[in-house]
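Structure at a glance
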Amino acid sequence: MANNHFNYKTVYAFAREMHPKTEKFDVQYGTAGFRAKASTLGYVMYRMGLLAVLRARYKKGCVGVMITASHNPEPDNGVKLIDPCGEMLEQSWELWATKFANVADDELVDVIHEIVSKLDIEMTQRVEILVGKDTRPSSPSLAKALCDGILALSGKPIDYGIVTTPQLHYFVYCKNSKHEYGIPTEEGYYTKLSNAFKKLRGESFNNGNYFNKILFDGANGVGAKKIKYFQECLGDSLKIEMYNDELIGTGKLNFMCGADYVKVKQTFPNGVPQITEQRCCSVDGDADRLIYYYLDENKKCHLLDGDRIAILIAEYLKEMVESTGLEVDLGLVQTAYANGASTDYITQKLKVPVSFACTGIKYLHHEAQKFEIGVYFEANGHGTIVFKKEFKEKLKLALENTSLSNEQHGAIKKVLTIIDLINETVGDAISDMLLVETILHSKGWSIQDWEKKYTDLPNRLMKVSVKDRTQITTTNSERTCIKPDGLQDEIDTIVARYKAGRSFVRPSGTEDLVRVYAEAISQEEADQLSLEVALKVYDMADGIGPKPSL
Ligand code: 16G
Ligand code: MG
């Protein structure tokens, strides 16, 4: 039994006097932590500080807490916990997080007692909690509440200030890997990634149709701040022209710009000069999503989203690994939202196996870990690549194998450098961008060359408001609806009438509504299909408010 003679007086006092529970409604630790209006989050932050200390003690390592609401508008904020291996909080603890957030002030210590005794948590360890925040004006005061929670349980907060979400994931893993993965400082992060990038780029910065200039939309968020350090480290090897870097507190964060805006609206962001055929990219408010695009001569915006990025990377890694002569099990993980054309291309042309996972990074990440090299991306631009430890060791061993050719040794070294360029802990927009730039450079491709690989099926996303979205349940990685009874049969009947038709419905994990996705051979048909399915959902799942319409 752990030593639990801990004095909880401070926990009580802070809870009652400084961070009382102000909201009556319950909140839930969702797909990416808690997210709400910043003004309602003080007590939630305090309690997450408490929970972070308990998690760190339970795991006997340091954990991270990131204050961000990603691509949400500026008045929102949020918080998510990062596990010692740099991954998102383990699912079983999400229930504890929800419980901690919703319990009354007077019962808070009871819940701490409950978790401490159930999980036999040793309360005497001095643990470190790494804290990061994005550029929202509400973040500093919320960070204070969070740190009060950490201190109330005698944890040690280490404030990294304003950092991207993936940077904080990286720092946490670096610390727990005893610096084997890298140095847990911003400097260490920039140095590791930019050294790998420059090594891969070599002496000639341009190649074939590839030109080393990119327009970068920072979403008026933390990505805009951090890209400047990269530009300093990269010198002339890559010219990043930076846009959308408004001052903190101007209300412009994610406003008509950023990766989510570009992807959802399928349009060019504000604040970036409209130069025909010029390669551009956008990141979101905490810089974990990346979308590429360009304008054609008719001012039409062409998107290259997470599906395209995943395929570009998988194809490149497959070729690279083949040139090492090693046998490797490489796979790609997608969600139901992946365009059908991308899945066909990767399975049929590239012969790379594809697995499906539920929406949300934690699901994709774990599915990808089943492969020696697992590439995962959501269509919205969030993703990375994970390499099995044994695979990395296999590469290092092969370097010592004298029976391999010089070319093979060269290829192995290159794969090791590529691994250094990647933030394996979580999707990292800037690291992903440097990888995409490396691949395009190596192939001598323009963004148009990249786009030519396959043609996306037209698609349409709709939202349906229903009385209770938990009435809708799904299986088969969200591609099949189980409840309400009979809805999937109806969807199947509708879909069968459309050429290349596909549609699925799922309850959102971040908003109180149901999402409907549809794709078909033409835009009109995709629109029509999604409307028919949305109306079916409305009828069969107690739709509320106005009926869905195009
Ligand atoms: C969160 C997820 C994102 C997912 C989105 C789906 C993380 C870090 N973020 O933003 O991956 O695509 O939720 O939202 O996992 P939805 O459930 O409302 O469609
Ligand atoms: Mg984000």
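Fair warning: this is a prediction, and the values are worked out from it, not measured in the lab.

What counts, and where the lines are drawn
- Residues numbered from 1 in each chain as written.
- Chains lettered and ligands numbered in written order.
- Predicted model: local features only at pLDDT ≥ 70, side-chain atom pairs only at ≥ 80, totals over all residues.
- Heavy atoms only, no water.
- 1 Å grid on protein atoms, 1.4 Å probe; cavity = no way out; pocket = protein on both sides within 12 Å on 5 of 7 lines; lining within 4 Å.
- Points joined across faces, edges and corners; volume = space filled by probe spheres on them.
- Helix = DSSP H or I, 4+ residues; strand = E, 2+ residues; numbered from the N terminus.
- Nonpolar A, V, L, I, M, F, W, Y, C, P; charged D, E, K, R; others polar.
- Axes fitted to C-alpha atoms, helices over the stretch in contact; angles between N-to-C directions.
- Parallel < 35°, antiparallel > 145°, perpendicular 65-115°, else oblique.
- Left-handed = near helix turned anticlockwise from the far one by under 90°.
- Contact = heavy atoms within 4.5 Å.
- Near = heavy atom within 4 Å.
- Polar contact = N/O pair within 3.5 Å; in protein donor to acceptor, adjacent residues only side chain to side chain.
- Areas by Shrake-Rupley, 256 points an atom, 1.4 Å probe, with all protein chains shown as cover.
- Donors = N, O, S within 2.8 Å, 3.2 Å for Na, K, Ca; no water.
- Buried < 20%, exposed > 50% of the residue type's maximum accessible area, 1.4 Å probe, protein only.
- UniProt positions renumbered as here; feature names shortened; annotations may be inferred.
- Core = buried A, V, L, I, M, F, W, Y, C linked by side-chain atoms within 4.5 Å.

**Structural notes on the layout of surface pockets**
Reported here for the second largest pocket is a volume of approximately 740 Å³. Sorting the residues of the lining of the second largest pocket by element identifies β14 (383-387), α13 (389-399) and α14 (406-421) as the ones contributing at least two each. In terms of residue class, the lining of the second largest pocket is made up of seven nonpolar, five polar and eleven charged.

**Points about the packing of helix α2 (residues 42-59) against helix α4 (residues 108-118)**
With their axes 11 Å apart at the nearest point, α2 and α4 run at an angle of 20° to one another. Comparing their axes, α4 and α2 come out roughly parallel. With respect to the hand of their crossing, α2 and α4 are arranged in right-handed fashion. Side by side, α2 and α4 meet where Tyr46, Arg47, Leu50, Leu51 and Leu54 of the first sit next to Leu108, Ile112, Ile115 and Val116 of the second. In the contact of α2 with α4, the residues fall into eight nonpolar, no polar and one charged.

**A word on the packing of helix α7 (residues 186-201) against helix α15 (residues 429-443)**
Interhelical geometry of α7 versus α15 gives an angle of 5° and a closest axis separation of 10 Å. Considering their axes alone, α7 and α15 lie roughly parallel with respect to each other. From α7, Leu193, Phe197, Leu200 and Arg201 reach across to α15, where they touch Ser431, Leu434, Glu437, Thr438 and His441. Taken together, the residues of the contact of α7 with α15 sort by class into four nonpolar, three polar and two charged.

**Some thoughts on the site of ligand 1**
Around ligand 1 sit 15 residues, and of these Glu378, Ser508, Gly509, Thr510 and Arg515 come closest. Interatomic distance of 2.4 Å between a side-chain N/O atom of threonine 510 and an oxygen atom of ligand 1. In this structure, an oxygen atom belonging to ligand 1 sits 2.7 Å away from a side-chain N or O atom of arginine 515. For ligand 1, whose accessible area on its own is 450 Å², the fraction buried by protein is 93%. Here the residues of the shell around ligand 1 sort into three nonpolar, eight polar and four charged.

**Looking at the coordination of the magnesium ion (ligand 2)**
The magnesium ion (ligand 2) binds to the protein through Ser70 (OG), Asp284 (OD), Asp286 (OD) and Asp288 (OD); the donor distances cover 2.0 to 2.2 Å. For the magnesium ion (ligand 2), all donor residues lie on one chain, and their spacing in sequence is S-x213-D-x1-D-x1-D. Using a relative accessible area of 3% as the deciding quantity, one classes aspartate 288 as buried.

**Structural notes on the UniProt feature "binding site: substrate" (unreviewed entry) in the protein chain**
If you check UniProt for "binding site: substrate" (unreviewed entry), the listed places come out as Glu378, Ala379, Asn380, Arg506, Pro507, Ser508, Gly509, Thr510 and Arg515 in our numbering. For alanine 379, the location among the structural elements is in the loop between β13 (373-377) and β14. Once residues within four sequence positions are removed from consideration, alanine 379 is found in contact with Lys263, Ile291, Asp305, Gly306, Asp307 and Tyr337. Along the chain, proline 507 falls in strand β18 (residues 502-507). With near-sequence residues (within four places) excluded, proline 507 lies in contact with Arg469, Ile472, Thr474, Leu513 and Val514.

**What about the nonpolar core?**
Tyr292, Val375, Met433 and Trp450 are the most contacted members of the largest nonpolar core, which has 82 residues in total. It is helix α10 (residues 306-324) that contributes the most residues to this core, ten residues altogether. In terms of nonpolar packing, the next biggest core, distinct from the first, is built from 51 residues, Ala15, Met48, Val65 and Ala97 among them.

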